[in-house]
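Chain by chain, the residues:
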Amino acid sequence: MKPCIFLFTALFMIASYSLFAQQETHPHVYQAGLSFSSHNNFGLNFKTGNERTLFRVTLLSASMGLSSDHGRTQDSIDIKTSSAGAGFRIGFEKHIPVYHSFHFIWGLEAGGSYSYNKMKQDMSGTINDYESATWKITPMADLVLGLTYTLSDHLVLGVEIAPSLQYSFGKVKTTNNGSGSPIETVKSTSSVSFGFYNNPTTLTLAYRFAK
């Protein structure tokens, strides 16, 4: 299953770039900007091509976080968590004029993301002491649908939705540090899903110029 998904992603990227190259007969367009799907979830995107077809690359928000909760002295409970993640998408989009500076866009993307989470609970040697670490890799492909509006000739505002097909796989490692020797367990996880996830609507703000 995994090799097939990665092969599909590679073929998709090659086909997307070929489509973009074949239609490069209009003035060359470059576009760089930011995408927002919530107040703390953002990405960087770069697009290049012509007025009708753009090759697009998006770096999803790279994230890293640390947190620590401390109980009272009599409780002796300490919980520490850490997390990290990043992802990317690559594909193409087609532009269809609607009215003046409004364009309807549709396209296809493929890519993936990686996430890691770790949590440690310390209760001063009780049987409830434990530590867990989880990593997950998610290859995906999605359909891009949206609208853009061009202000002057350079500033572009856009809104997109992207229903996606995702396959996730990873492992969860848990260590219980109670009385006696630590007990370690490892569990593999996998899932296939289709639909809208997390933040289905993405807003974009970009600067564009043509040569």
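About the thresholds
- Residues numbered from 1 in each chain as written.
- Predicted model: local features only at pLDDT ≥ 70, side-chain atom pairs only at ≥ 80, totals over all residues.
- Heavy atoms only, no water.
- Helix = DSSP H or I, 4+ residues; strand = E, 2+ residues; numbered from the N terminus.
- Buried < 20%, exposed > 50% of the residue type's maximum accessible area, 1.4 Å probe, protein only.
- Areas by Shrake-Rupley, 256 points an atom, 1.4 Å probe, with all protein chains shown as cover.
- Pairing = 2+ DSSP bridges.
- Salt bridge = Lys/Arg side-chain N within 4 Å of Asp/Glu carboxyl O.
- Polar contact = N/O pair within 3.5 Å; in protein donor to acceptor, adjacent residues only side chain to side chain.
- Contact = heavy atoms within 4.5 Å.
- pLDDT = per-residue confidence, 0-100.
- Phe/Tyr/Trp six-rings, centres within 6.5 Å; stacked < 30°, edge-to-face > 60°.

**Some remarks on the overall build of the protein**
(1) Moving on: Across its full length, the protein holds one helix and ten strands.
(2) Moving on: Residues counted as buried form 34% of the 211 residues belonging to the protein.
(3) Moving on: Per element, the accessible surface of the protein, about 12,700 Å² overall, is 63% carbon and sulfur.

**Some details on the pairing of strand β4 (residues 78-99)**
(1) Moving on: Bridging between β4 and strand β5 (residues 102-122) involves 21 bridges; their strand directions are antiparallel. Across the sheet, residue Pro97 finds its bridge partner in β5, namely His103.
(2) Moving on: Once β4 ends, the chain turns through two residues before running back antiparallel as β5, passing His100 with a positive phi of about 50°.

**Thoughts on the pattern of salt bridges**
(1) Moving on: A complete count under the given rule lists ten salt bridges for this structure.
(2) Moving on: In this structure, the salt-bridge partner of Glu109 is Arg89, at a minimum N-O distance of 4.0 Å. Note that Glu109 is positioned in strand β5 and Arg89 in strand β4, a separation of 20 residues in sequence.
(3) Moving on: According to the relative accessible area criterion, Glu109 is buried, its value standing at 2%.
(4) Moving on: Where Lys173 meets Glu184, a salt bridge forms, and the shortest distance between an N and an O atom there is 3.5 Å. Highlighted residues: Lys173 in strand β8 (residues 164-176) and Glu184 in strand β9 (residues 183-195), separated in sequence by eleven residues.

**A few points about the side chain of His28**
(1) Moving on: Mapped onto the fold, His28 is located in the loop between α1 (2-22) and β1 (29-38).
(2) Moving on: His28 sits in the buried class, given a relative accessible area of 14%.
(3) Moving on: In this structure the side chain of His28 is engaged in a polar contact, spanning 2.6 Å, whose partner is the side chain of Thr48.

**Points about the pairing of strand β6 (residues 130-151)**
(1) Moving on: In this structure, β5 lies alongside β6, joined through 20 bridges in antiparallel fashion. Its bridge partner being in β6, Ile105 is matched across the sheet by Gly146.
(2) Moving on: In this structure, β6 lies alongside β8, joined through eleven bridges in antiparallel fashion. When the bridges of β8 are listed, Asp142 appears paired with Ser164.
(3) Moving on: By the bridge criterion, seven bridges tie β6 to strand β7 (residues 155-161) in an arrangement that is antiparallel. Counted as the bridge partner of Thr148 is Gly158 from β7.
(4) Moving on: The antiparallel hairpin formed by β6 and β7 contains three residues in its connecting segment, where Ser152 sits at a positive phi of about 50°.

**A look at the side chain of Thr150**
(1) Moving on: Inspection of the secondary structure assignment puts Thr150 in strand β6.
(2) Moving on: Here Thr150 falls in the buried class, since its relative accessible area comes to 15%.
(3) Moving on: Apart from residues lying up to four places away in sequence, Thr150 is in contact with Ser101, Leu155, Val156 and Arg208.

**Section: the confidence of the model for the protein**
(1) Moving on: Averaged over all residues, the pLDDT of the protein is 80; the fraction at 70 or higher stands at 72%.
(2) Moving on: For the protein, the element scoring lowest by mean pLDDT is α1, at 52; β7 scores highest, at 93.

**Thoughts on the packing of aromatic side chains**
(1) Moving on: Applying the stated criterion to the full structure yields six aromatic pairs.
(2) Moving on: Ring centres of Tyr30 and Phe209 lie 5.3 Å apart, and the angle between their planes is 25°; on these two criteria the pair is classed as stacked. Here the residue Tyr30 occupies a position in strand β1, and Phe209 occupies one in strand β10 (residues 201-210), the gap between them amounting to 179 residues.
(3) Moving on: Phe209 sits in the partly exposed class, given a relative accessible area of 36%.
(4) Moving on: Between Tyr167 and Phe169, the aromatic rings sit 5.9 Å apart at their centres with planes inclined by 35°, giving tilted as the arrangement.
(5) Moving on: Among the aromatic residues, ring-to-ring pairing joins Tyr30, Tyr207 and Phe209 into one connected group.

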